[in-house]
Amino acid sequence: MTRCLRHLVVALLSTAAPASAIAQTAPPAWPAITAEMRPWTRWWWHGSAVHKADLSANLDLYRRAGLGGVEVTPIYGVKGAESQNIAYLSPRWVEMLEHTLAESRRLGLGVDIANGTGWPFGGPSVGEEDATKYVARKTYSLGGGERLRDTIAFVQVPLVRAVAGQVNIAALTDPIASTPNLAALAIDQARFPKPLPLQTLMAYSRTGAVVDLTARVSRSGVLDWSAPPGQWTLYAVFQGWHGKQVERAAPGGEGNVIDHLATQPVARYLARFDQAFKGRAVTGVRGYFNDSYEVDDASGQGDWTSSLFDEFRARRGYDLRQHLPALFDGGTADTARRVLADYRHTVSDLLLDGFTRTWGDWAHRRKGVTRNQAHGSPSNVLDLYSASDIPETEGTELTRIKFATSAAHVSGKRLVSAEAATWLGEHFLSRLSDVRLALDNYFLGGVNHVFYHGTAYSPASEPWPGRLFYAAVEFSPQNSWWQDFGALNAYAARVQSFMQSGAPDNDVLLYFPIHDRFAERPRPNRGRGAPPGGGFALPGTTPAGAFTPPAAGAQGQVSAMLEHFDAIPGFDSSAFRFAADSMLMRGYAFDYISDRQVLSVRTQGGQLVTGSARYRTVLVPASQFIPVETFERLIRLASDGATIAFYRGLPTDVAGLGNLDARRARFRAITQALRFAPHASVTGARRAAVGRGAVILGDDLGALLGAAGARRERARDMGLELIRRRERNGTTYFIVNRGATPVDGWVPLSTTARSAAVYAPMHGVSGIGRIRGGATGTEVYLQFPVGASRIVRMYDSVVRGAPWAYVEPGGQTRPLSGNWTLTFLTGGPTLPAEVKNAPLGSWTDLPGDEVKNFSGTARYAVTFARPLANGTMTSWRLDLGTVHESARVTLNGKDMGTYIGPWFRVDIPVEVLRDTNTLEVAVSNLMANRIADLDRRGVSWKKFYNINVPARLAANRGADGLFTAAKWAPLPSGLVGPVTLTPLRAKLSF
């Protein structure tokens, strides 16, 4: 068969479309790549010690490597470079920002900036009034006729937490920002010993009487009151200064963290930026960034604000001061749980209104957007993410990642970002293939705008390895794999070009029952804010509202009442966690939804519409407490034509305490109106018709979802993980092979299509794929190795283009023989000598220390004769075998691509080979061997203030407490092989 005829046969077999539809030979086009589609990076400015020439040089290197933008975040300085430090937001600092913006515009890069240095927001402008606060209390016991002999007072216990070790509180000055040499002290938290202001004093009798005594306390703390008959317990509530400091602060950024729960402190903090930017050319800032809520990773919690009592009354409809025993000491009694939930609900609202929306409004006035890491907040993070322009996540668990992406989908945000590849492993051990796996995980979770964490600005004069950040990975030009970094960035840009198009195509809205979590008493070590050793076995209230008081005598306590939401906690055995985990494992596409978000959902044609997304059902997992407004809205959606599914039963009660009887009556009216009957097609499920829609109940999750119309992606059973996006004329899939074997066969997808385009994003290859009808959609024939990914674009109409080149082995695999020459090209500490007739294997196995200490790039070159081929062959598969760690392949002077692993194979068309061929493989290893050499020789490269360079693993911690690689054996480096050639032919049978 001639070559032209073979190609025609392959084309005809590759699609169900008529021949006229495939006459065009160009492969399917990739979307045009924009700066936002490329990966961005967090750009650390150590001490803000930056210079214009080096800023320009750094930015140019980033652009050449395929980055799309930077996020400027100043942090602690470099020892020895103190004279170069620039105070944060000073005129000189703003001048450096202006230069960065101008150069980025010239280079086509985007720029975000953090609204602070390090994290969280705070600094020298934040005084006691605006700083984060906590609640403390004392209780006193009195009998009838007795007067209190103690004064009503609470003196704050002094506390200092510092990265550098022990710091005496006496060495600090109050306010903390006035303390000299804060950079060297590296203080994370500081509390000074001083009396705390009284917020309220309430008296409670055992019979249920409550008396407000606040006005009867003198300035000196003397209570003018005699107890009426009976036994009384007095609760004195004080406002404490939490003392949380900005972590990893840059010069000029040290100081208190803001009170996130009140509008005015946030507004006054942001006014500092308005003042610094006034009259300056900073309009090129795209967005403003918040690096998560990390107030609570200290002693105690930021669980109070000055107006909390008033805010609680306005938002919850009753006075919290009437229920302090229930809040602080109520245990698990029903009233106590409701009061605790209402308190947490109020804090959640305050964080949304006081911080997130205030900050967002400020950014919008500056013509910018907010990029917000809401995780770790004592709030419903779905609402915080939704109030952000670009929600940002981090971590590795998909159930965590989906909190940010769900909020973006439900609220119609185009972009959702991720702090990517933070601490993938120990310093200098992360490979580009490790980073790609991390990126794929984010893409599968719905992220479409990744930010590396991160890249440190480093001047040209800085000795290798330059300036580094303490949390690996080092995405810096000093990294030995930097010249191959562009291949990873091109891959990410190709994937994100599809992920930023269209709209999410998830079927299920999984209701997040946060009010159940709000009503749970804190557990020791739960979340980030659990105090050390705290026990929570406290006396409980009785149903009648009276209480058992704590032990007699004045007691001073600091409470830990908040939960900080990052993800579904590991100990959670709820139906919510089970549903989320099960749907991920079984291939159901879903997003979380909050109570606030439910209220904005509407029904259209039987589907649920919110933002730009459409869903087929809301799944409500078994929960105890639900706001009656949420329940009513769900039933209204059903009445309008939607299907609402309740897994493991209906909620049992309304949330909160305020106006409880009336809200319970509304709740009962709904439940009593639902008339359930056995479901006609789902065994064990029940269905109630509601208007034009239905409510269904069941304990079999898969059957329940099927009855609600949710599609299951059966490709998940093949070890594939995938995410779906809806386009105007079809559907796009991003698919990753996380199974144990390569894929070479029909992959079922849950959507119907008349044609499909297949894209390999690692190297930009595309073609029209072969499809056929499936049991529940369409099947696409795919071929790709373990760890690889494909993008499949399903079309409702016939598309034209060159077919995907399906291949199969056309003969025996044979080793590529010849004499290899090994030449060291770039890197250090020195370039080893060239090696003739080099054996394949790690270059560290060669004699001499130079090769063992070398990190950089070396070229393997070999000359070989054209192997014999038969007439059916279309290409040769060159497989490099094992490579440490990335490789750029050139054949006869032609670039054949960069390969970062875990596979290293190149398909070479038969016509590319000559009678005599030269293969060159430029291999880059990790930084580790060169770092280990520095540490063995005692070269000082760990020269940073604050946390400096800590070890991730205890085994790599030196006597000074910092990371060391001095004991590391040389890591394998280079082309290990075996290098083979396999003849390939067009696959004609499917």
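Note that this is a predicted model, so its numbers are computed, not measured.

Re the overall build of the chain
1) Next: What the chain contains, in helices and strands, is 20 helices and 51 strands.
2) Next: For a compact globule of 990 residues, the expected C-alpha radius of gyration is about 30 Å, and the chain comes in at 32 Å, within 12% of that figure.
3) Next: Principal-axis analysis of the C-alpha atoms places the extent of the chain at approximately 110 × 75 × 50 Å.
4) Next: Residues classed as buried in the chain amount to 62% of the 990 residues present.
5) Next: Residue pairs in contact within the chain that sit at least 24 positions apart in sequence constitute 79% of those at least 6 positions apart.
6) Next: With the model as given, the accessible surface of the chain reaches about 36,000 Å², and the carbon-plus-sulfur share is 51%.
7) Next: Side chains of the chain give 106 positive and 87 negative charges; the mean places of these two sets differ by 5 Å.

Quick word on the layout of surface pockets
1) Next: Space inside the largest pocket adds up to approximately 1,300 Å³.
2) Next: Taken together, 44 residues make up the lining of the largest pocket; nearest its centre are Val765, Ala805, Val807, Arg877 and Asp907.
3) Next: With five residues, the single largest contributor to the lining of the largest pocket is strand β48 (residues 905–909).
4) Next: Partitioning the lining of the largest pocket into residue classes produces 27 nonpolar, seven polar and 10 charged.

Description of the side chain of His375
1) Next: Take His375: it is sitting in the loop between β13 (369–372) and α9 (381–386).
2) Next: In this structure the side chain of His375 is engaged in a polar contact, spanning 2.8 Å, whose partner is the side chain of Tyr385.
3) Next: Within the local environment of His375, its side chain forms a polar contact with the side chain of Glu394, the two groups lying 2.7 Å apart.

Considerations on the nonpolar core
1) Next: If you look at the biggest cluster of nonpolar residues, it comprises 202 residues, and the most contacted ones within it are Tyr343, Phe485, Leu619 and Phe734.
2) Next: Among the elements that take part in this core, helix α8 (residues 334–365) stands out by supplying 13 residues, more than any other.
3) Next: Excluding its chain neighbours within four sequence positions, the residues that come into contact with Phe734 are Asp440, Phe443, Leu444, Tyr491, Val495, Met499, Glu721, Leu722, Ile723, Ser789, Arg790 and Ile791.
4) Next: Within the second largest apolar cluster, 34 residues are counted, among which are Tyr899, Phe904, Leu975 and Leu981.

So, the packing of aromatic side chains
1) Next: Evaluated as defined, the whole model comprises 57 aromatic pairs.
2) Next: Taken together, a centroid distance of 5.5 Å and an interplanar angle of 55° make the contact between Trp40 and Phe451 tilted. Of the two residues, Trp40 is situated in strand β1 (residues 40–46) and Phe451 in strand β16 (residues 449–456); the sequence distance between them amounts to 411 residues.
3) Next: On the basis of an interplanar angle of 70° and a centroid distance of 5.7 Å, the ring pair of Tyr269 and Phe273 is categorised as edge-to-face. With Tyr269 and Phe273 both in helix α5 (residues 263–277) and four residues apart, this pair spans about one turn of that helix.

Notes on the packing of helix α10 (residues 398–411) against helix α14 (residues 575–586)
1) Next: It is at 11 Å that the axes of α10 and α14 come closest, and there the two elements cross at 100°. Between α10 and α14, the interaxial angle falls into the category roughly perpendicular. For the pair α10 and α14, contact is made by Leu398, Thr399 and Lys402 and by Ala580, Asp581 and Leu584, respectively.
2) Next: Class assignment of the residues belonging to the contact of α10 with α14 gives a composition of three nonpolar, one polar and two charged.

What to know about the sheet that holds strand β21 (residues 602–604)
1) Next: Ordered in space as β21-β22-β23, the three strands form an open sheet in which the pairing is antiparallel. In this open sheet, the two strands that pair with only one neighbour each are β21 and β23 (613–615). The mean inter-strand angle of the sheet, taken between neighbouring strand axes irrespective of direction, is 40°.
2) Next: When strand β22 (residues 607–610) meets β23, the two strands line up antiparallel, connected through three bridges. Bridged to Thr610 within β23 is Ala613.

Some words on the packing of helix α16 (residues 628–639) against helix α17 (residues 660–673)
1) Next: As a packed pair, α16 and α17 sit with axes 10 Å apart at the nearest point and diverge in direction by 25°. Regarding the angle of α16 to α17, the classification is roughly parallel. Here α16 runs over α17; the crossing is left-handed. Of the residues in α17, those touching α16 at Val628, Glu629, Phe631, Glu632 and Ile635 are Arg663, Arg666, Phe667, Ile670 and Thr671.

Re the pattern of salt bridges
1) Next: A complete count under the given rule lists 68 salt bridges for this structure.
2) Next: The shortest N-O distance in the salt bridge between Lys52 and Glu95 comes to 2.8 Å. Placement of the pair is Lys52 in helix α2 (residues 52–64) and Glu95 in helix α3 (residues 91–107), with a sequence separation of 43 residues.
3) Next: Overall, Lys52 belongs to the partly exposed group, its relative accessible area being 33%.
4) Next: One salt bridge connects Arg711 with Asp507, and the closest N-O pair in it is separated by 2.8 Å. In this pair, Arg711 sits in the loop between α18 (701–707) and β31 (720–727) while Asp507 sits in the loop between β17 (503–504) and β18 (508–511), placing the two residues 204 residues apart along the sequence.
5) Next: In this structure Arg711 comes out as buried when scored by relative accessible area, which is 14%.

Describing the sheet that holds β18
1) Next: Taken in spatial order, the seven strands make up an open sheet running β20-β18-β24-β26-β30-β29-β28, and their pairing is mixed. Both edges of this open sheet fall to β20 (590–593) and β28 (677–678), since each of them pairs with a single strand only.
2) Next: Relative to strand β30 (residues 693–698), strand β29 (residues 686–690) is paired through five bridges, and the arrangement is antiparallel. Note on β30: the bridge partner recorded for Ala688 is Val695.
3) Next: Seen against the sheet, α10 touches β18 and β20 and runs at an angle of roughly 80° to β20.

Comments concerning α16
1) Next: With 12 residues, α16 should cover 16 Å at 1.5 Å per step; its first-to-last C-alpha distance of 16 Å lies within 8% of that length.
2) Next: Looking only at α16, the buried set comprises Val628, Thr630, Phe631, Leu634, Ile635, Leu637 and Ala638.
3) Next: Of the residues trailing α16, Gly641 is marked for its positive phi of about 120°.

Description of the confidence of the model for the chain
1) Next: Chain-level pLDDT for the chain is 93 on average; 94% of the residues reach the 70-or-more range.
2) Next: Counting interchain partners and residues more than four positions distant, the pLDDT-below-50 stretch residues 1–23 has 41 contacts.

Section: the pairing of strand β34 (residues 755–760)
1) Next: Counting buried positions along β34 gives six out of six residues, so the element sits mostly inside the fold.
2) Next: Neither face of β34 is open: one carries Ser755, Ala757 and Tyr759, the other Ala756, Val758 and Ala760, and all of them are buried.
3) Next: Note that β34 and strand β38 (residues 789–795) share five bridges and pair antiparallel. Across the sheet, Ala757 pairs through a bridge with Arg793, a residue of β38.
4) Next: The pairing of β34 with strand β35 (residues 765–769) spans five bridges and is antiparallel. Across the sheet, Val758 pairs through a bridge with Gly767, a residue of β35.

A closer look at helix α12 (residues 482–499)
1) Next: With 18 residues, α12 should cover 26 Å at 1.5 Å per step; its first-to-last C-alpha distance of 25 Å lies within 8% of that length.
2) Next: Burial runs high along α12: 14 of the 18 residues are buried.

Here's the deal with the side chain of Arg191
1) Next: The topology assignment puts Arg191 in strand β7 (residues 187–191).
2) Next: Here Arg191 is buried and forms no salt bridge, its nearest opposite-charge partner Asp303 lying at an N-O distance of 7.7 Å.
3) Next: A distance of 2.8 Å separates the side chain of Arg191 from the backbone oxygen of His242, its partner in a polar contact.
4) Next: Within the structure, the side chain of Arg191 is placed 3.0 Å from the backbone oxygen of Ser299, a separation counted as a polar contact.
5) Next: Beyond its immediate sequence surroundings of up to four residues, Arg191 is in contact with Tyr134, Gln156, Val157, Pro158, Leu159, Ile169, Trp241, His242, Gly243, Ser299 and Gly300.

Cut-offs applied
- Residues numbered from 1 in each chain as written.
- Predicted model: local features only at pLDDT ≥ 70, side-chain atom pairs only at ≥ 80, totals over all residues.
- Heavy atoms only, no water.
- Helix = DSSP H or I, 4+ residues; strand = E, 2+ residues; numbered from the N terminus.
- Rg over C-alpha atoms; globule rule 2.2 N^0.38 Å.
- Buried < 20%, exposed > 50% of the residue type's maximum accessible area, 1.4 Å probe, protein only.
- Contact = heavy atoms within 4.5 Å.
- Areas by Shrake-Rupley, 256 points an atom, 1.4 Å probe, with all protein chains shown as cover.
- Lys, Arg positive; Asp, Glu negative; His and termini not counted.
- Charge placed at Lys NZ, Arg CZ, Asp CG, Glu CD.
- 1 Å grid on protein atoms, 1.4 Å probe; cavity = no way out; pocket = protein on both sides within 12 Å on 5 of 7 lines; lining within 4 Å.
- Points joined across faces, edges and corners; volume = space filled by probe spheres on them.
- Nonpolar A, V, L, I, M, F, W, Y, C, P; charged D, E, K, R; others polar.
- Polar contact = N/O pair within 3.5 Å; in protein donor to acceptor, adjacent residues only side chain to side chain.
- Core = buried A, V, L, I, M, F, W, Y, C linked by side-chain atoms within 4.5 Å.
- Phe/Tyr/Trp six-rings, centres within 6.5 Å; stacked < 30°, edge-to-face > 60°.
- Axes fitted to C-alpha atoms, helices over the stretch in contact; angles between N-to-C directions.
- Parallel < 35°, antiparallel > 145°, perpendicular 65-115°, else oblique.
- Pairing = 2+ DSSP bridges.
- Left-handed = near helix turned anticlockwise from the far one by under 90°.
- Salt bridge = Lys/Arg side-chain N within 4 Å of Asp/Glu carboxyl O.
- Expected span 1.5 Å × (residues − 1).
- pLDDT = per-residue confidence, 0-100.

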